[in-house]
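# Secondary and tertiary structure notes
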Amino acid sequence: MSNALRKSISSSFNMSGYYLRSEAVDYLVEQFKDIDDRDQREEWIEKLCDHIGRQNTLQPFLELEDIKSAVDACCKHVQQSSQPLVEVVSAFDVPKFDFNIDLKKFFPTRSETHPLLAPPETCTKFYTERFLMLKQRTMRHHLFKSGQQFQVQPIEVLLSSSQKIKHVVILGMLTTMKDGRYQLEDPTGSIPISLTGVKYHTGFFTDNCFVLAEGNYKDEIFHVDSIGFPPTETAEMSRTVFGGSNIFGGLPETSLHNYESLKAMEMSNPDSMIIFLSEVWLDRKEVMERLNRLFEGYSEVPPAIIVMMGNFLSTEMGTKHTLILKSHLKELANLIGNYPSLIESTKFVFVPGPTDSFMGNILPRPPLSKTVTEYFSQKVPNSVFTTSPCRLRYCTQEIVLMREDIIIRLCRNSLHAPDISDIPQHFVKTIVSQAFLMPLPITLCPVYWAHETALRLYPLPDLIVMADSFQPYTVKNTGCIVTNPSSFSNGNYAFKVYIPSSREVNDSQIPEET
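- Per an unreviewed UniProt entry, the protein is named DNA polymerase epsilon subunit, and its organism is Laodelphax striatellus.
- In UniProt, the protein has this text filed under Subcellular location (unreviewed entry): "Nucleus".
- Turning to the protein, the UniProt record has this under Sequence similarities (unreviewed entry): "Belongs to the DNA polymerase epsilon subunit B family."

Right, here's the structure in full:
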C-alpha cells in the first residue's frame, strides 16, 4: 500500500509539472495513509497543485517546506467559514514581495528576519523596488504597451546619445543635486533636467517622487515639457501579478477575495458599519462627554468596529505623558464599560498619533506601550492597540489606516503649488499614483527601510483612512476610497462612518445638546 501510494502521489504531481523530493513524498504518504478513497486523495492533490501554481513557484522541484505550506493553506481554505470577520495587521507583520524582472511576477521575499534598523543597502533596495513596481504597472497601461502611443526610455539611452532626441518619455525619480538643480534617476543612471515652462499634471511633485516626464534631450540636458505621475490601475488588475497570495497581510496565505462565505456575510449585513475618529483628546472633559453620547447612540445598534486615532492628549506632557495617558485610557475603559452591547459586539482599534510615541518620529510608528494599555485591554477585551500605519480587514474588504499630518508638508515641499480648491484631489492622486502613503524624502519623513512595505498601496485597498488635521474629505480614485475624518476634538466633533455593504463613507457629527 505504501509503495503504491508513493507512486500515485508522485505520478499525480508529475502530471501537473512538479517533482517531489523524497522527504516531501514521505510527508504526503503520512498525511494520506488513512484516506482509502482514491478520488478523495486525487481531489486533495489537485487542491495542493492548484495552490502551488498560484504561488508562482520558480522551479518544478518541490521541497518538504513547500508541501507543508500548501497543506496548511488548503486546510485553512477548507475551514474558510471560521475566518474572523475582523482582523488587524500590524505594520511590522505586512508580508513582503519582490518583483522578478524575468518572469514579471511578484514572489514572497525569502528572508525570514526583518530587523528594525536595517543595513544601508536596504535603503537603495527600498527605492529600486518601488521603481520596478511602478514601471511594471506603467508598462501594462494601454498607452505604454509595446507599439502603442508612448514608449518609456531608460535614462542610459539618453546618456549614450550625442544627438538631439525629440519626444522622449522617461520614468524616473525626481531628485535635487547639490547645486540646487533637478535631475531624474532610474536604475540605469541619472540626468540633469530643465523644468522651464513645464506643464504640471495633477498632484504634489516633491523630491524623491516618481514621475513620467515628456520632453526633448539636447546639450546633455533633458528639457521637460510636461510632467505627471505613473498611471494607476485597479486592484483586480494588480492582483494578477501576485497569483493567489495574500498580499494584504493576516491569515490565511491565500487571498480572501475568493472566500464566498465572507463575501456573502459582508453583503447580507447592510447595517454593519465602521466608525473612524481622529485626534481624540482624552484629557478634555468636553471630549469625554461627546464620546459618552456617541457610545450611547450606537449602543442600540453596535458598529462592527470603532477606530480611534491619536493624538490622545491635547498637548505633550513631557515626562508625565505616559502616566497621564494611562490614567485617561482607564477613564475611557470605564466609560465604555457602561455599554455592555459595545463590549460584546464592537472591536475597538487604537492607532497612535505623532505625539503618542516615544520612539521618535519614524514610520511605521509602534503601538502604545502595554504598560499604558493594560487596564483598558482587561476592561475591553475586544480591543487592539496597533501601529501607524496599519491594515484592517473586514470580511473581504481591505482598509489601510494612518494618522499623520502630511498634506501641509506636501504643500510646503512641492515644486509646484497646485490649485488650493482641489487639495484633496491632488493629495489622493499623489498617494494612489505613487502607491505609497508617504511620498516625501526620507530626510523629511524618516522610514524604517526594512518595513517600508507597510506604507505601500499596491494593490490598492478598498479604503484608505488618512487621518490628518486638514479639513475632512472623501475622494474616490481608481476604485479606491480615500477619506479624512479630520480632528474630532478640534473640529465640531465630526467623524466618518463607513458602510461596508454599500462601500459608502458618510459624514457624521455629535451636535451640542439643546
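Further notes follow.
### Let's talk about the overall build of the protein
- Summing up its helical and strand segments, the protein has 14 helices and 22 strands in all.
- Relative to its length of 514 residues, the protein is compact, with a C-alpha radius of gyration of 26 Å against a globular reference of 24 Å.
- Across its three principal directions, the C-alpha atoms of the protein cover 80 × 70 × 40 Å.
- Put simply, the protein has 514 residues, and 52% of those count as buried.

### Considerations on the sheet that holds strand β15 (residues 383-385)
- The mixed open sheet is built from six strands, whose spatial order is β15-β14-β13-β12-β21-β22. Every other strand in the sheet has two partners, leaving β15 and β22 (504-509) as the edge strands with one partner each. On average, each strand axis in the sheet is tilted by 20° relative to the strand beside it, whichever way the strands run.
- Across five bridges, the pairing between strand β12 (residues 274-278) and strand β13 (residues 305-309) is parallel.

### Side note on the pairing of strand β11 (residues 221-228)
- As paired elements, strand β8 (residues 189-194) and β11 share two bridges and run parallel to each other. The residue bridging Ser 194 from the neighbouring strand is His 223, located in β11.
- As judged from the two bridges shared by strand β9 (residues 199-200) and β11, these two strands associate in the parallel manner. Considered in β11, the bridge of Lys 199 is made with Ser 226.
- Looking at chain direction, strand β10 (residues 210-218) and β11 are connected through seven bridges and run antiparallel. By the bridge assignment for β11, Tyr 217 is matched with Phe 222.
- Between β10 and the antiparallel strand that follows it, β11, lie two residues; Asp 219 among them carries a positive phi value of about 55°.

### Focus: the UniProt feature "domain: DNA polymerase alpha/delta/epsilon subunit B" (unreviewed entry) in the protein
- Look at the UniProt record and you will see "domain: DNA polymerase alpha/delta/epsilon subunit B" (unreviewed entry) annotated at residues 274-473.
- Summarising residues 274-473: 32% helix, 18% strand, and an end-to-end C-alpha distance of 17 Å.

### Focus on the pattern of salt bridges
- Enumeration according to the criterion identifies 16 salt bridges in this entry.
- For Glu 266, the salt bridge goes to Arg 503, with nearest N and O atoms at 3.7 Å. Of the two residues, Glu 266 is situated in helix α8 (residues 260-267) and Arg 503 in the loop between β21 (494-499) and β22; the sequence distance between them amounts to 237 residues.
- The exposure class of Glu 266 is buried, given its relative accessible area of 4%.
- Measuring nitrogen to oxygen at the nearest pair gives 2.8 Å for the salt bridge that ties Arg 365 to Glu 404. Placement of the pair is Arg 365 in the loop between β14 (347-351) and α12 (370-379) and Glu 404 in the loop between β17 (397-403) and α13 (407-413), with a sequence separation of 39 residues. Note on accessibility: Arg 365 and Glu 404 belong to one class, buried.

### Remarks on a nonpolar patch on the surface
- Judged by side-chain polarity, Leu 116, Leu 117 and Met 359 come together as a nonpolar surface patch covering roughly 310 Å² of accessible area.
- Topologically, Leu 116 is positioned in the loop between β5 (105-108) and α5 (121-139).
- According to the relative accessible area criterion, Leu 116 is partly exposed, its value standing at 34%.

Calculation criteria
Residues numbered from 1 in each chain as written. Predicted model: local features only at pLDDT ≥ 70, side-chain atom pairs only at ≥ 80, totals over all residues. Heavy atoms only, no water. UniProt positions renumbered as here; feature names shortened; annotations may be inferred. Helix = DSSP H or I, 4+ residues; strand = E, 2+ residues; numbered from the N terminus. Rg over C-alpha atoms; globule rule 2.2 N^0.38 Å. Buried < 20%, exposed > 50% of the residue type's maximum accessible area, 1.4 Å probe, protein only. Pairing = 2+ DSSP bridges. Axes fitted to C-alpha atoms, helices over the stretch in contact; angles between N-to-C directions. Salt bridge = Lys/Arg side-chain N within 4 Å of Asp/Glu carboxyl O. Patch = residues over 30% accessible without salt bridge, like charges linked within 9 Å, V, L, I, M, F, W, Y side chains within 5 Å. Areas by Shrake-Rupley, 256 points an atom, 1.4 Å probe, with all protein chains shown as cover.

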